[in-house]
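Below are the chains, spelled out letter by letter.
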Amino acid sequence: VSVLESKAVIPLIPSSPNSSMAPRKKLKGLVAATITPMTPDGKINLPVICQYVDYLVNEQNVKNIFVNGTTGEGLSLSIQERKQLAEEWMCQGKNKLDHVIIHVGALNLPECQELARHAAAIGADGIAVIAPFFFKPTNKDELIAFMQKVASEAPEVPFYYYHIPPLTGVKIRVEELLDGIKAQIPTFQGVKFSDTDLLDLAQCIHKNETGEFEFLYGVDEQLLGALALGANGAVGSTYNYLGRQTNLMLQAFAKPDLALAQQYQFLTGEFLNFVVKLGFGVAQTKAVMTSVSGIPMGPPRLPLVAASSEFIIKAKAKLDSIVWPNECCHAG
Ligand SMILES: CC(=O)N[C@H](C=O)[C@@H](O)[C@H](O)[C@H](O)CO
Ligand SMILES: CC(=O)C(=O)O
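About the thresholds
- Residues numbered from 1 in each chain as written.
- Chains lettered and ligands numbered in written order.
- Predicted model: local features only at pLDDT ≥ 70, side-chain atom pairs only at ≥ 80, totals over all residues.
- Heavy atoms only, no water.
- Near = heavy atom within 4 Å.
- Polar contact = N/O pair within 3.5 Å; in protein donor to acceptor, adjacent residues only side chain to side chain.
- Areas by Shrake-Rupley, 256 points an atom, 1.4 Å probe, with all protein chains shown as cover.
- Core = buried A, V, L, I, M, F, W, Y, C linked by side-chain atoms within 4.5 Å.
- Buried < 20%, exposed > 50% of the residue type's maximum accessible area, 1.4 Å probe, protein only.
- Contact = heavy atoms within 4.5 Å.
- UniProt positions renumbered as here; feature names shortened; annotations may be inferred.
- Helix = DSSP H or I, 4+ residues; strand = E, 2+ residues; numbered from the N terminus.
- Expected span 1.5 Å × (residues − 1).
- Nonpolar A, V, L, I, M, F, W, Y, C, P; charged D, E, K, R; others polar.

Participant: Looking at this structure, how should I read the site of ligand 2?
Facilitator: As a matter of local geometry, ligand 2 sits amid Ala33, Phe66, Gly69, Thr70, Thr71, Tyr162, Lys192, Val235 and Ser237. In the model, an oxygen atom of ligand 2 is placed 2.6 Å from a nitrogen or oxygen of the tyrosine 162 side chain. Here an oxygen atom of ligand 2 and a side-chain polar atom of lysine 192 are 2.6 Å apart. Starting from 210 Å² of accessible surface for ligand 2 in isolation, the protein chains cover 93%.

Structure (structure tokens):
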């Protein structure tokens with residue numbers, strides 16, 4: 001676990017790209033924001049996670065996960081449930097997954113810290129924190145101070161800020177937040193950027209000349225736009241069931257075959273555009289994943305309510321109707 005042995009000296013050397021830190025394995029490719037499987041009576045369903053890992057790796061070619069985030073209903077789970085889930089994902093993902101990032105954000109600092117210590121103890125490859133969203137930080141200093149208190153509980157674990165202003169209401173621009181952040185949070189590794197403000201994203205990447213930070217984009221329907229600006233990767237809910245196609249988009253972009261990459265983005269977008277009009281959230285993601293993978297994700301937890309059967313039928317039909325590039329010959 002401890003590839004970052006020399007970490008303790010880093011606080012004194014702000015933003016030193018060539019620090020004595022041992023090279024850490026680089027996060028590559030898509031990151032699935034995991035769903036939390038639940039039983040029909042609303043308890044977390046741990047035994048399903050084993051087949052879920054195999055499905056992501058073998059069927060979707062996705063080897064990184066982001067646990068207990070938005071899609072995982074992390075903020076609707078008890079601390080004990082979050083720990084059990086983190087442990088199960090780490091355990092089942094062993095030797096199969098490349099990166100397991102655990103979201104440890106909560107409304108109160110002691111719980112975030114407890115979860116950060118727990119994530120470190122079980123060997124997580126990264127931790128992430130959303131901005132607290134009841135009493136909100138009003139400026140970058142307050143937000144950094146909060147995150148610093150969490151990150152320092154896991155001093156060897158790469159730390160990501162999870163920027164999701166549509167849900168937290170915390171709109172502090174990331175480009176501003178980055179200034180000097182490494183001096184205060186030595187483990188700062190990057191941002192899971194779940195906002196449509198591509199100007200802010202672009203300025204983050206522009207400032208990240210040395211490439212010391214990673215920017216993982218989190219609005220799946222416009223990932224290609226973020227890639228064009230230099231995003232390093234993506235974290236999202238749709239990579240649970242559209243991971244294979246999105247991987248092909250990444251490949252086409254890297255080639256570069258922009259026209260092919262656009263085709264993939266247009267088609268994943270056609271599906272999302274369709275379901276967004278029907279009402280699309282985590283409850284619907286659970287239902288879509290259940291119908292695509294055959295793995296029972298179960299109902300969401302209140303205040304979310306299960307998707308209607310009408311939604312499930314329509315969403316499935318839409319997905320089945322999409323003809324992906326180079327897949328035409330398999331039809332029928
Ligand atoms: C609000 C939300 O859940 N955002 C997810 C990640 O940040 C995305 O993966 C979306 O689910 C996806 O872009 C579909 O809208
Ligand atoms: C979508 C995402 O990244 C999350 O569920 O946290």
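Participant: Whenever I open this one, the nonpolar core confuses me. Can you help?
Facilitator: Counting residues in hydrophobic clusters, the biggest one holds 90 residues, and the most contacted among them are Val104, Met147, Tyr161, Phe188 and Phe271. When near neighbours in sequence (up to four residues on either side) are disregarded, valine 104 contacts Arg82, Cys112, Leu115, Ala116, Ala119, Ile127, Ala128, Val129 and Val150.

Participant: Sorry if this is basic, but what is going on with the UniProt feature "active site" (unreviewed entry) in the protein chain here?
Facilitator: The positions that UniProt labels "active site" (unreviewed entry) are, in the present scheme, Tyr162 and Lys192. These annotated residues cover 31 residues of sequence, but their C-alpha atoms sit close together, with the largest distance between any two at 4.8 Å. Here tyrosine 162 is to be found in strand E5 (residues 159-163). With sequence-adjacent residues up to four places away left out, tyrosine 162 is seen in contact with Phe66, Thr70, His103, Ala128, Val129, Ile130, Ala131, Lys192 and Ser194. A polar atom in the side chain of tyrosine 162 sits 2.5 Å from the side chain of threonine 70. Considering the arrangement of structural elements, one finds lysine 192 in strand E6 (residues 188-193). The contact partners of lysine 192, leaving out residues within four places of it in the chain, are Phe66, Tyr161, Tyr162, His163, Leu216, Gly218 and Val235.

Participant: Is there a simple way to think about helix H12 (residues 282-293) in this case?
Facilitator: Residues lying three or four places apart along an α-helix face the same way, a consequence of the helix completing one turn every 3.6 residues. Taking 1.5 Å of rise per residue, 12 residues should cover 16 Å, and H12 covers 16 Å from first to last C-alpha, within 8% of that figure. Within the span of H12, buried status applies to Val282, Ala283, Gln284, Thr285, Lys286, Ala287, Val288, Met289 and Ser293. Of the surrounding secondary structure, the elements contacted by the buried residues of H12 are helix H1 (49-59), helix H11 (258-278) and helix H13 (309-321). Where H12 ends, the next residue or the one after it, glycine 294, has phi of about 80°, a positive value.

Participant: Sorry if this is basic, but what is going on with the UniProt feature "binding site: pyruvate" (unreviewed entry) in the protein chain here?
Facilitator: Mapped onto the present numbering, the UniProt feature "binding site: pyruvate" (unreviewed entry) falls on Thr71 and Val235. Separation in sequence by 165 residues is not matched in space for these annotated residues, since their most distant C-alpha atoms are only 10.6 Å apart. One can find threonine 71 in the loop between strand E2 (64-67) and helix H2 (79-93). Non-local contacts of threonine 71, meaning those with residues more than four positions away in its chain, are made with Ala33, Thr34, Ile35, Thr36, Ser237, Val282 and Thr285.

Participant: Which parts of the structure should I look at to understand the site of ligand 1?
Facilitator: The full set of residues close to ligand 1 is Thr70, Tyr162, Ile164, Lys192, Ser194, Gly218, Val219, Asp220, Glu221, Gly236, Ser237 and Leu272. A distance of 3.0 Å is found between an oxygen atom of ligand 1 and a side-chain nitrogen or oxygen belonging to lysine 192. Within the side chain of serine 237, a nitrogen or oxygen atom sits 2.7 Å from an oxygen atom of ligand 1. For ligand 1, the protein covers 79% of the area, taking 390 Å² as the surface of the free molecule. For the shell around ligand 1, the per-class residue count stands at 4 nonpolar, 5 polar and 3 charged.

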